[in-house]
Amino acid sequence: VARRGHRLAGTAQYVLALGTVEPRKNLPLLVDAFDRIADAHPDLHLVHAGGDGWDGGAFDLAVTQAAHRDRIVRLGYVDATTRADLLAGARAFAYPSRYEGFGFPPLEAMANGVPVVATAVGSLPEVLGDGARLVPDGDPDALVDALTTVLAESATREDLVARGRAVAARYTWAATLVPPNGASVLTPENWVKSPNRTFPGVRGSTALFGMSAEVPVSAGAWQLGFATSTVLPQDFAGAAAPSPQWH
């Protein structure tokens, strides 16, 4: 699997970023940081995978102006299999976001044993805990220093990988699926009640880090206890949920 990621990246050494291209992801800052460490790591590439959102011009301009633009790989939207391949082969995962309501991509990277460098904004310090190297928002020097350390110091990498796996392991469906009616456990038999009626014939399957769960869907929806996301009946079309699209 890692070799497939290496082929996509064009090298066995790459920093990976996942997510829709939009201003709050602060991708130009990541391009600048990569440009500053690239000379010291001649085999290193920066790989971004994610669909175009809005106002991606700043990212395009940053890549165009980068001295090492020939080592910046933009893959656009990728499916779940390709995303897994990229994570399996990544040397580090970077998430310089300006704001996050939760932060699935870095947690997914931690679950896959990839050391994470992220900004200390929004929910990220709480969600990632000590499983990631956190840097101040908008501080290019701190981002450069963190990436340099993670890439160059094996002891730091190993410690960060171990702590990242431990943090990610705490996020399970049993611990995080919270029915809005206050029931203690959400199971296929525990239909989610709402002020409206339920839809007993509608079930959706979803997955988090390889774990799957079949859940009933009500007019009031169900919520992830650690996130602000809700899933509505129309999202399922009466059958399986679509593949998750991380933002």
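Only a predicted model underlies this, so the values are computations on that prediction, with no experimental measurement involved.

Engineer: Would you mind going over the overall build of the chain in detail, with residue names and values included?
Structural biologist: The secondary structure content of the chain amounts to nine helices and 11 strands. By the burial criterion, 48% of the 247 residues in the chain qualify as buried. The contacts in the chain between residues at least 6 apart in sequence include a share of 67% that link residues at least 24 apart. Within the structure as shown, the chain displays about 11400 Å² of accessible surface, and the carbon and sulfur contribution to it stands at 51%.

Engineer: An account of empty space enclosed by the protein is requested, with residue identities and associated values reported.
Structural biologist: One water molecule sets the probe size; rolling that probe over the atoms shows where empty space is left. For the structure on display, the rule yields two cavities of 30 Å³ or more. Of the voids in this model, the largest cavity is the one considered here, and its volume is about 50 Å³. Lining the largest cavity, in full, are A17, L18, G19, K25, L27, H48, A94, Y95 and P96. Every element with two or more residues in the lining of the largest cavity is listed here: β1 (13-18) and β4 (92-95). For the lining of the largest cavity, the residue count by class is six nonpolar, two polar and one charged. Within this model, the second largest cavity holds a volume of roughly 30 Å³. Lining the second largest cavity we find A17, L27, L30, V31, L46, V47, H48 and F59. Elements represented by at least two residues in the lining of the second largest cavity include exactly α2 (27-37) and β2 (44-49). Residues of the lining of the second largest cavity, tallied by class, amount to seven nonpolar, one polar and no charged.

Engineer: Tell me about the sheet that holds β4, residues and numbers included.
Structural biologist: Taken together, six strands build an open sheet; the order of strands is β3-β2-β1-β4-β5-β6 and the sheet is parallel. In this open sheet, the two edge strands, each paired with only one partner strand, are β3 (72-76) and β6 (133-135). On average, adjacent strands in this sheet sit at an angle of 20° to one another, irrespective of strand direction. The sheet contact formed by strand β5 (residues 116-119) and β6 spans three bridges and is parallel. Paired with A118 across the bridge in β6 is L134.

Engineer: Outline helix α5 (residues 104-111), supporting the account with residue identities and numerical values.
Structural biologist: α5 sits mainly inside the fold: seven of its eight residues count as buried. Along α5, the positions that sit buried rather than exposed are F104, P105, P106, L107, E108, A109 and M110. Of the residues trailing α5, G113 is marked for its positive phi of about 75°.

Engineer: Any details on the pairing of β1? Residues and values, ideally.
Structural biologist: The element β1 is largely enclosed, with a buried count of five among its six residues. When β1 meets β2, the two strands line up parallel, connected through six bridges. Within β2, the residue paired with V15 across the bridge is L46. Considered for its hand, the β-α-β crossover made up of β1, α2 and β2 is right-handed.

Engineer: Any details on the confidence of the model for the chain? Residues and values, ideally.
Structural biologist: Averaged over every residue, the pLDDT of the chain is 77; the share at 70 or more is 69%. Mean pLDDT values for the elements of the chain range from 32 in strand β11 (residues 230-231) up to 98 in β4. The low-confidence segment residues 183-247, where pLDDT is below 50, has 136 contacts with residues more than four positions distant or belonging to other chains.

Engineer: So, the side chain of D85: which residues are in play, and what are the values?
Structural biologist: With respect to the secondary-structure elements, D85 resides in helix α4 (residues 80-89). When its relative accessible area of 7% is taken as the criterion, D85 is described as buried. Residues within four places of D85 in sequence aside, it is in contact with V1, A2, R4, G5, L8 and Y14.

Engineer: Quick rundown of the nonpolar core? Include the residues and the values.
Structural biologist: One recurring pattern in soluble globular proteins: nonpolar side chains tend to sit buried together. Residues V15, V31 and L147 are the most contacted members of the largest nonpolar core, which totals 30 residues. Of all the secondary structure elements, the ones that give two or more residues to this core are β1, α2, β2, α3 (57-65), β4 and α7 (140-152). Setting aside chain neighbours within four positions, we find V15 in contact with L44, H45, L46, V47, A92, A94, L147 and L151. A90, F102, V114 and A132 belong to the second-largest nonpolar core, a separate cluster that totals 29 residues.

About the thresholds
- Residues numbered from 1 in each chain as written.
- Predicted model: local features only at pLDDT ≥ 70, side-chain atom pairs only at ≥ 80, totals over all residues.
- Heavy atoms only, no water.
- Helix = DSSP H or I, 4+ residues; strand = E, 2+ residues; numbered from the N terminus.
- Buried < 20%, exposed > 50% of the residue type's maximum accessible area, 1.4 Å probe, protein only.
- Contact = heavy atoms within 4.5 Å.
- Areas by Shrake-Rupley, 256 points an atom, 1.4 Å probe, with all protein chains shown as cover.
- 1 Å grid on protein atoms, 1.4 Å probe; cavity = no way out; pocket = protein on both sides within 12 Å on 5 of 7 lines; lining within 4 Å.
- Points joined across faces, edges and corners; volume = space filled by probe spheres on them.
- Nonpolar A, V, L, I, M, F, W, Y, C, P; charged D, E, K, R; others polar.
- Pairing = 2+ DSSP bridges.
- Axes fitted to C-alpha atoms, helices over the stretch in contact; angles between N-to-C directions.
- Right-handed = clockwise from strand over helix to strand, strands pointing away.
- pLDDT = per-residue confidence, 0-100.
- Core = buried A, V, L, I, M, F, W, Y, C linked by side-chain atoms within 4.5 Å.

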